[in-house]
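Take a look at the letters that make up each chain.
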Amino acid sequence: MKAAMFHGPENVVLEECDVPIISDDEILVKIEAATTCGTDRKLYLRKTKKYPSYFSPPSIFGHEVAGKIDEIGKNVIGFEKGQRVFVHDSAPCMRCFYCKIGRHSLCDNITWNWGTWAEYLRVPKEIIRCGNLVPIPEGLSFSEAALTEPLSCVLMGVERSNIGLGDTVVINGAGPIGLFWTNLVRNKGAKIIQTDLDEDRLKIARKIGADITLNVKDDEDIIKAVKKNTINNRGADIAVEAIGYPETWETTIRMARKGGLVTLFGGPPPTSNITVNTALLHYNELNLIGVFHTTPRYVQSSINLLANKKIDTDIFITETLKLDELDKILDNLVNRKGIKTAIIP
Ligand SMILES: [Zn+2]
Ligand SMILES: [Zn+2]
């Protein structure tokens, strides 16, 4: 089969590989669509050859995918050949301390399954058993279904942020993740202030529900500019960082009102640190939360949201390309052309 193989940063090559062989407990999926993601971009442009736990090169690239079941191991029940499915990129073990207390994203033994920029994908038994191989409801295309993975991560962040009607939420960042935030927070009925450096992306944010957009380039003091758009300049009820830089984590924290909630969602390099003024935590009683990845519950809810047409999928998938057009796919990814590219093998 054809596959885009990641050998190292800025070294992804189209290669001929063997179709994965499955065990009796696994499923083989014929990929119909994969989508590109900011996490792929971070890995591609990585400055070091040290990789996060979910990725060990050489490996087929990509992690957002939907397809059709091609082969089923003889011990697997509940699926049929030809069935349309979304395949999530991870599975919690369902047995460790964190899984037992319902914090599946903190699982001590997460199984990761990358390798979606290809023609076939092996689905490990852990993903099948925890429910992260999900049938695609009618009316949802393969590319739309592939959005389930990033959407499920954002959905967990939104649900943990306790956003209510009448709240003002500032979302820093209007990339794919920031825009999923916009779409979901709009559904919650809150006022949205969104910031970014890219005017085109802010335009999309306005289109899908941002009430106020601020270009960081235009405002010398972005914290002040955000506060000016909240009642009595008091700051946002909920401040969200959807970029992943330590510097923007720090500015986001200063955008929240007293007693507000700060959701630090974008993932900065693991070795980075931030500085927080203690008065903000003590006298202002700020609540800071971190959110990582997702859980099977939010994977299912995301499929529901997509099937119920609550997500503006057309703004997220801006181009559809064949896997053969790898150079163009990577160019879109690296130079942030469009929002997401759908890859059809
Ligand atoms: Zn992703
Ligand atoms: Zn676990």
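Residues numbered from 1 in each chain as written. Chains lettered and ligands numbered in written order. Predicted model: local features only at pLDDT ≥ 70, side-chain atom pairs only at ≥ 80, totals over all residues. Heavy atoms only, no water.

**Remarks on the domain arrangement of the protein**
Working step 1: As far as domains go, the protein holds domain 1 (2–147 + 311–344) and domain 2 (154–290).
Working step 2: With 12 residues of domain 1 in contact, the opposing surface of domain 2 contributes 14 residues.
Working step 3: The largest per-residue losses of area from domain 1 upon contact with domain 2 belong to Ile 315, Phe 316 and Ile 339, which jointly make up 39% of the total buried on that side.
Working step 4: One can count 1 salt bridge joining domain 1 with domain 2. (Domains from an automatic or database assignment. Contact = heavy atoms within 4.5 Å. Buried area = accessible area lost by both parts, 1.4 Å probe. Salt bridge = Lys/Arg side-chain N within 4 Å of Asp/Glu carboxyl O.)

**Quick look at the coordination of the zinc ion (ligand 2)**
Working step 1: Protein-derived ligands of the zinc ion (ligand 2) are Cys 93 (SG), Cys 96 (SG), Cys 99 (SG) and Cys 107 (SG), with the metal-ligand distances lying across 2.3 to 2.4 Å.
Working step 2: Coordination of the zinc ion (ligand 2) draws on donor residues from a single chain, spaced C-x2-C-x2-C-x7-C in sequence. Separated by 11 residues along the polypeptide, Cys 96 in the loop between strand 7 (90–91) and helix 2 (97–100) and Cys 107 in the loop between helix 2 and strand 8 (111–112) bring together distant segments of the chain. Each member of the pair, Cys 96 as well as Cys 107, is classed as buried. (Donors = N, O, S within 2.8 Å, 3.2 Å for Na, K, Ca; no water. Helix = DSSP H or I, 4+ residues; strand = E, 2+ residues; numbered from the N terminus. Buried < 20%, exposed > 50% of the residue type's maximum accessible area, 1.4 Å probe, protein only.)

**Quick look at the side chain of Thr 252**
Working step 1: Position of Thr 252 relative to the elements: it lies in helix 9 (residues 246–253).
Working step 2: Given a relative accessible area of 0%, Thr 252 falls into the buried group.
Working step 3: In this structure, Thr 252 is in contact with Asn 172, Ala 239, Val 240, Glu 241 and Val 262, ignoring residues within four places of it in sequence.

**Notes on the coordination of the zinc ion (ligand 1)**
Working step 1: Protein-derived ligands of the zinc ion (ligand 1) are Cys 37 (SG), His 63 (NE2), Glu 64 (OE) and Glu 149 (OE), with the metal-ligand distances lying across 2.1 to 2.4 Å.
Working step 2: Note that the zinc ion (ligand 1) binds 4 donor atoms; their angles at the metal cover 87 to 165°, and the shape is irregular.
Working step 3: Between consecutive donor residues of the zinc ion (ligand 1), the sequence gaps follow C-x25-H-E-x84-E. (Tetrahedral: all angles 85-135°; square planar, octahedral: opposite > 155°, others 65-115°.)

**Here we look at the packing of aromatic side chains**
Given two aromatic rings, one states the distance between the centres and the angle between the planes to describe the pair.
Working step 1: One pass over the full model with this rule turns up 14 aromatic pairs.
Working step 2: Here Phe 6 and Phe 55 contribute two aromatic rings whose centre-to-centre distance is 4.9 Å and whose plane-to-plane angle is 80°, an arrangement assigned as edge-to-face. Of this pair, Phe 6 sits in strand 1 (residues 2–8) while Phe 55 sits in the loop between helix 1 (38–44) and strand 4 (59–60), and the two are 49 residues apart along the sequence.
Working step 3: Take Phe 55: its relative accessible area is 2%, and that puts it in the buried class.
Working step 4: Between the aromatic rings of Phe 55 and Trp 114, the centroid separation amounts to 4.9 Å while the plane-to-plane angle is 55°, which identifies the pairing as tilted. With Phe 55 in the loop between helix 1 and strand 4 and Trp 114 in the loop between strand 8 and strand 9 (120–123), this residue pair connects regions lying 59 residues apart in the sequence.
Working step 5: According to the relative accessible area criterion, Trp 114 is buried, its value standing at 11%.
Working step 6: Members of the aromatic cluster, joined through ring pairs, are Phe 6, Tyr 51, Tyr 54, Phe 55, Phe 61, Trp 112, Trp 114, Trp 117 and Phe 292.
Working step 7: Between Arg 84 and the ring centre of Phe 142, over which it is positioned, the NZ or CZ distance is 5.0 Å. (Phe/Tyr/Trp six-rings, centres within 6.5 Å; stacked < 30°, edge-to-face > 60°. Lys NZ or Arg CZ within 6 Å of the ring centre and 35° of its normal.)

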